Amino acid sequence: MDVQALTFDVFGTVVDWRGGIAREVAALGAARGFSLDWNAFALAWRARYQPAMARVRGGERDFVKLDVLHRENLDPVLTEFGLGHLDEADRVRLNLAWHRLDPWPDVVAGLNRLRPRFILATLSNGNVALMVDMAKRAGLAWDAILGAEVVRHYKPQPEAYLLTAELLGLEPGQVMMVAAHNGDLKAAGALGFRTAFVRRPTEHGPGQTTDLRAEHEWDLVAEDFIDLANPLSPISALLAGTNTEKDGFRPPDNKAGGIQSTVGNTAGAGGFKVGVLTDEISVFLKLLDEVTDVSVLARPKLMVLNRQKAEILVGRRVGYLSTTATQTTTTQTVQFLDTGVQLIFRPFISDNGMVRMELSPSVSGANLRTVT
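Criteria and thresholds
Residues numbered from 1 in each chain as written. Predicted model: local features only at pLDDT ≥ 70, side-chain atom pairs only at ≥ 80, totals over all residues. Heavy atoms only, no water. Helix = DSSP H or I, 4+ residues; strand = E, 2+ residues; numbered from the N terminus. Buried < 20%, exposed > 50% of the residue type's maximum accessible area, 1.4 Å probe, protein only. Areas by Shrake-Rupley, 256 points an atom, 1.4 Å probe, with all protein chains shown as cover. Salt bridge = Lys/Arg side-chain N within 4 Å of Asp/Glu carboxyl O. Polar contact = N/O pair within 3.5 Å; in protein donor to acceptor, adjacent residues only side chain to side chain. Contact = heavy atoms within 4.5 Å.

Attention now goes to the overall build of the protein. Per the secondary structure count, the protein includes twelve helices and twelve strands. Here the protein, with 372 residues, has 42% of them falling under the buried criterion. Accessible surface, the protein as shown: approximately 19,700 Å² in total, 52% of it carbon and sulfur.

Turning our attention to the pattern of salt bridges. Tallying each qualifying case throughout the model produces 15 salt bridges. Taking the shortest distance from any N to any O, the salt bridge between R194 and D219 comes out at 3.3 Å. Taken together, the residues R194 in strand β5 (residues 194-198) and D219 in the loop between β5 and β6 (220-222) connect sequence positions 25 residues apart. Each member of the pair, R194 together with D219, is buried. Through salt bridges that share partners, R23, E24, R100, D102 and R137 make up one connected network.

Our focus in this paragraph is the side chain of D9. Within the element layout of this structure, D9 appears in the loop between β1 (5-8) and α1 (17-32). Within polar-contact distance, the side chain of D9 engages the side chain of T13 at 2.7 Å. There is a polar contact of 3.0 Å between the side chain of D9 and the side chain of K155. Look past the residues within four positions of D9 in its chain and what remains in contact with it is V14, L123, K155, M177, V178, A179, H181 and D184.

Structure representation (structure tokens):
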């Protein structure tokens, strides 16, 4: 089933909440003449995020939007940091800091690359006004603002995911959840969503200990949104062995495919990997350097310029006599025909060092006959 839409966790995945909150508190401190550990303040405020939502999810209180929870959580944090004297206007200003968070540097460009191929929507615990203000300020190209306030359920409640897919008119398997948090992806994946993990190793600061890596076999694992949008990213996933489907790896836009098989040692991991990018009519092969029980017939080495074609022939050149006759002359020349397996290839090396190889194999033979 082809993926039609990407839904995004926002806090931490799309925007740097820690840096943004620390910046806003520091600006208020400069205006009011106080100083403190801005990073610690941001972390303390965020630490109350999940417990506040848990009371809603557990039925202890009716659903309220995240702006309300943030405002309720702010008061005890201000007291904790000795800022209980701040007036209501300053508290409102601070609470709206969540509307003014900056995206990670790769986000805007990555979303712009993804948008022509997919529906892009938020699937965040943030409320609609918060998401809209953030998107307008940061230039986030969402096709739809969805999430907790729209469906009246906070993640990871199943309704948060399933109702979002329903609102998009799609089945869960047609939607890919993109998040920097393994728990978010686990909840979405259990409901049939496709999953993409994007690393944000500094979300919680230099001492971060959680979500530093993909902890499950998600459908895609990307370093950032540029990597997520890269049409060659399926190659990286295939070579890394992150494919989970028995029939091979298939990326979210169904524009590529890959299979792997065991070479030589049948007890070992898959050593021969083949992938095809159908939109670029490209093919790549990957052979492990170390395999067992395999006879290497040839190991040719060629020097090829980037984007220039080269040829390898495994076979023989068959010579034959060609006769050209005109009204006045007859000319005979010796011609050669390449027979066997011919491989024409052309490398494409990108600025970031990624190598894509375009291959065009062909097989031919020849039968010689004598003409008298």
